[in-house]
Amino acid sequence: MPLWTIHHTPGIFTDADKRELAGRISDHYAKVGLPRFYVVAVFNETRPDDMYVGGEPTPVGVRVVIEHIARRSTDTAGRRRTTGWIKAILQPFVDRHQGVHWEFHVDETSEELWMINGLIPPPAGSDAEREWARANAASEY
């Protein structure tokens, strides 16, 4: 499961932007074989007085925390590819704001600590996972 928690100051994302960004994020993971319903994006609008960078309030800011559970990078090159496509997805949305401070990081968590609807997800690349992707829903396997 990729979970993207996107903290942002007001005015960064419209409702249409949120839908578009969540769609782009989901599209990327679907291209690498993950079921779309694995992908969760949560937008948390945060007042500038509640987002501090370097001890100072941030009038225009975005901080993204990404948790990867279903897949993990195995080497430096893979991690660089991951940060590259994340940057490519986010940059068009943040670049339109003057003086924006933006950053992200990715945590990778063991898939053994994850369930969906009370089910342990099927192994990566398995027939069961492909069925979950096709159906876009969790089911017994």
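No experiment lies behind these values; they were computed from the predicted model shown.

1. A short note on the environment of Gly-54
Working step 1: If you trace the backbone, Gly-54 turns up in the loop between strand S3 (52-53) and strand S4 (56-57).
Working step 2: Judged by relative accessible area, Gly-54 falls into the exposed class, the value being 78%.
Working step 3: The spacing of Gly-54 and Glu-20 is 34 residues in sequence and 31 Å in space, taken between C-alpha atoms.

2. Thoughts on the side chain of His-8
Working step 1: Its location among the elements puts His-8 in strand S1 (residues 2-8).
Working step 2: Not counting the four nearest positions on each side in its chain, His-8 is found in contact with Phe-13, Lys-18, Phe-43, Asn-44, Glu-45, Thr-46, Met-51, Gly-61 and Val-62.

3. A word on the nonpolar core
Working step 1: Among the nonpolar cores identified, the biggest contains 28 residues, and Trp-4, Leu-21, Tyr-29 and Val-62 are the most heavily contacted of them.
Working step 2: Sorting elements by how many residues they give to this core places helix H2 (residues 76-94) first, with 6 residues.
Working step 3: Not counting chain neighbours up to four residues away, the residues in contact with Tyr-29 comprise Pro-2, Trp-4, Leu-34, Val-39, Ile-66, His-68 and Trp-85.

Conventions and cut-offs
Residues numbered from 1 in each chain as written. Predicted model: local features only at pLDDT ≥ 70, side-chain atom pairs only at ≥ 80, totals over all residues. Heavy atoms only, no water. Helix = DSSP H or I, 4+ residues; strand = E, 2+ residues; numbered from the N terminus. Buried < 20%, exposed > 50% of the residue type's maximum accessible area, 1.4 Å probe, protein only. Contact = heavy atoms within 4.5 Å. Core = buried A, V, L, I, M, F, W, Y, C linked by side-chain atoms within 4.5 Å.

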